Amino acid sequence: MAIRVVRSVGELRQWRTELGARQVALVPTMGFLHDGHIQLMHEGRRRVPRERGELALSIFVNPTQFNDPADLANYPRDEPGDLAKAESAGVDVAFVPDVLASGSELYPPGASTFVEVAGLDQHLCGATRPGHFRGVCTIVSKLWQLFQPDVALFGEKDFQQLAIIRRMHRDLFFSGEVVGVPTIREADGLALSSRNARLSARGRAAAVAIPRFLAGVLDRCDACERVASRLITGAEQALAPGKIDYVSVVDAESLQPIERADGNMLVAVAVFFDGVRLIDNVQLG
Ligand code: PAF
């Protein structure tokens, strides 16, 4: 079936009203779709089969979650390619809001309402990208309000984002369910990300240091190492020539740094290769 492309908030609202009690699975994205996104779509379709409802996608490069204007400007975009991939993946409706001279309908002139989850954003990406999660929560709230999804799907590569969205969903009594989907990886282990497209051939080859480092952490954990600092020892050499933004061992629930890795924990990294910031994580416990 041909994908329906919706460009305005008014048309989106009309689509949702017409759907009535039929269900919605939503995959929110910033586009430049890869197999990780396709996996989210397949999971959405599995949870909401065509006879019960619609699989919806949003493509919007959300300006409020970028604290570096160059990063926003360089974010890769490919709308025709994205729509073709979405259609093959069985997406019924794609919301691709028009970009207007004033910005976007999603942030009307004078928009001054933001959603912030306190605490969970203190460490990891929240520490080095101030305001990032406020932007994420604000746009996800707007999309939730418009789509009223029964399920919305997010990748576990962005572990902190997923944890924060789960908390927001719970605290604000949002309807439906937040579903996390495991990270999809290239054959050499690099986590799929739209940002990988910005790596040079040399940067791409070097970035394999990230999954190798995380595999080493897993081995140390399997060998009963429980001291957090020793789990990640040698990170600088292991991740070179990448420039480390952070390498942290945190509690997987509270996302607070821990000294002893006893319960359910997360080792998360953000590393720059070719000036491109890549993130990944491994859960231990
Ligand atoms: O993960 C992303 O692509 C974005 O942060 C999201 C959830 C679509 C919000 O803009």
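Scroll up to find the structure.
The rules behind the values
Residues numbered from 1 in each chain as written. Predicted model: local features only at pLDDT ≥ 70, side-chain atom pairs only at ≥ 80, totals over all residues. Heavy atoms only, no water. Helix = DSSP H or I, 4+ residues; strand = E, 2+ residues; numbered from the N terminus. Rg over C-alpha atoms; globule rule 2.2 N^0.38 Å. Buried < 20%, exposed > 50% of the residue type's maximum accessible area, 1.4 Å probe, protein only. Contact = heavy atoms within 4.5 Å. Areas by Shrake-Rupley, 256 points an atom, 1.4 Å probe, with all protein chains shown as cover. Lys, Arg positive; Asp, Glu negative; His and termini not counted. Charge placed at Lys NZ, Arg CZ, Asp CG, Glu CD. Pairing = 2+ DSSP bridges. Axes fitted to C-alpha atoms, helices over the stretch in contact; angles between N-to-C directions. Near = heavy atom within 4 Å. Polar contact = N/O pair within 3.5 Å; in protein donor to acceptor, adjacent residues only side chain to side chain. Nonpolar A, V, L, I, M, F, W, Y, C, P; charged D, E, K, R; others polar. Arc of directions from axis to C-beta. Phe/Tyr/Trp six-rings, centres within 6.5 Å; stacked < 30°, edge-to-face > 60°.

Student: Can you break down the overall build of the protein chain residue by residue, with the values?
Tutor: Looking only at helices and strands, one finds eleven helices and eleven strands in the protein chain. Computed over the C-alpha atoms, the radius of gyration of the protein chain is 19 Å, within 12% of the 19 Å expected from 2.2 N^0.38 for a compact globule of 285 residues. Overall, the C-alpha framework of the protein chain stretches about 55 × 40 × 40 Å when taken along its three principal axes. Evaluated residue by residue, the protein chain yields a buried proportion of 52% over its 285 residues. If you take every contact in the protein chain between residues at least 6 apart in sequence, the share linking residues at least 24 apart comes to 71%. When the accessible surface of the protein chain is totalled, it reaches about 13,200 Å², and 51% of it is carbon and sulfur. Put simply, the protein chain has 31 plus and 35 minus side-chain charges, and the middle of one group is 0 Å from the middle of the other.

Student: Outline the sheet that holds strand β3 (residues 53-59), supporting the account with residue identities and numerical values.
Tutor: One open sheet accounts for six strands, arranged β1-β4-β3-β2-β7-β8; its pairing is parallel. Looking at the sheet topology across the chains shown, the edges are occupied by β1 (4-6) and β8 (177-181). When strand polarity is set aside, the average angle formed by the axes of neighbouring strands in this sheet is 25°. Examined bridge by bridge, strand β7 (residues 151-155) and β8 share five bridges and lie parallel to one another. Within β8, the residue paired with V151 across the bridge is E177. Set on the sheet, helix α1 (residues 9-19) makes contact with β1, β2 (23-29), β3 and β4 (93-95); between it and β1 the angle comes to about 130°.

Student: Give me the site of the ligand: which residues, what numbers.
Tutor: The ligand sits among P28, T29, M30, N62, Q65, V136, I139, F154 and Q161. One of the side-chain N or O atoms of Q65 is found 2.6 Å from an oxygen atom in the ligand. At a separation of 2.7 Å, an oxygen atom of the ligand approaches a polar side-chain atom of Q161. Looking at the shell around the ligand residue by residue, the classes come out as five nonpolar, four polar and no charged.

Student: Tell me about the sheet that holds strand β10 (residues 265-273), and name the residues and values.
Tutor: Pairing is antiparallel in the open sheet, where three strands are placed in the order β9-β10-β11. In the strand order of this sheet, the two ends are held by β9 (243-251) and β11 (276-284), each with one partner. Adjacent strand axes in the sheet meet at a mean angle of 10° when their direction is disregarded. Here β9 pairs with β10 via eight bridges, running antiparallel. What sits directly across from Y246, in β10, is A270.

Student: Describe the pairing of β10, listing the residues and the values that go with them.
Tutor: Among the nine residues in β10, eight count as buried, and that is most of the element. In this sheet, β11 lies alongside β10 in antiparallel orientation, the contact comprising nine bridges. Residue pairing in the sheet places A268 in a bridge with N281 of β11. Linking β10 to β11, which pair antiparallel, is a turn of two residues; within it D274 sits at a positive phi near 55°.

Student: An account of α1 is needed here, citing residue identities and associated values.
Tutor: Within α1, the full set of buried residues consists of V9, L12, W15, R16 and L19. What you see down the axis of α1 is that its buried residues fit within an arc of 120°, all on one side. Away from the buried face of α1 by more than 90 degrees, exposed residues T17 and E18 are located. Lining the buried residues of α1 we find β1, β2, β3, β4 and α6 (132-147). Backbone geometry just downstream of α1 places G20 in the positive-phi region, at approximately 55°.

Student: Give a description of the packing of aromatic side chains that names residues and reports values.
Tutor: In the structure shown here, the tally under the stated rule is five aromatic pairs. Each ring, one from F95 and one from F147, has its centre 6.1 Å from the other, and the planes form 70°; the classification is edge-to-face. Within this pair, whereas F95 is found in strand β4, its partner F147 is found in helix α6, the two being separated by 52 residues in sequence. Chaining the aromatic ring pairs together yields one cluster made of W15, F95 and F147.

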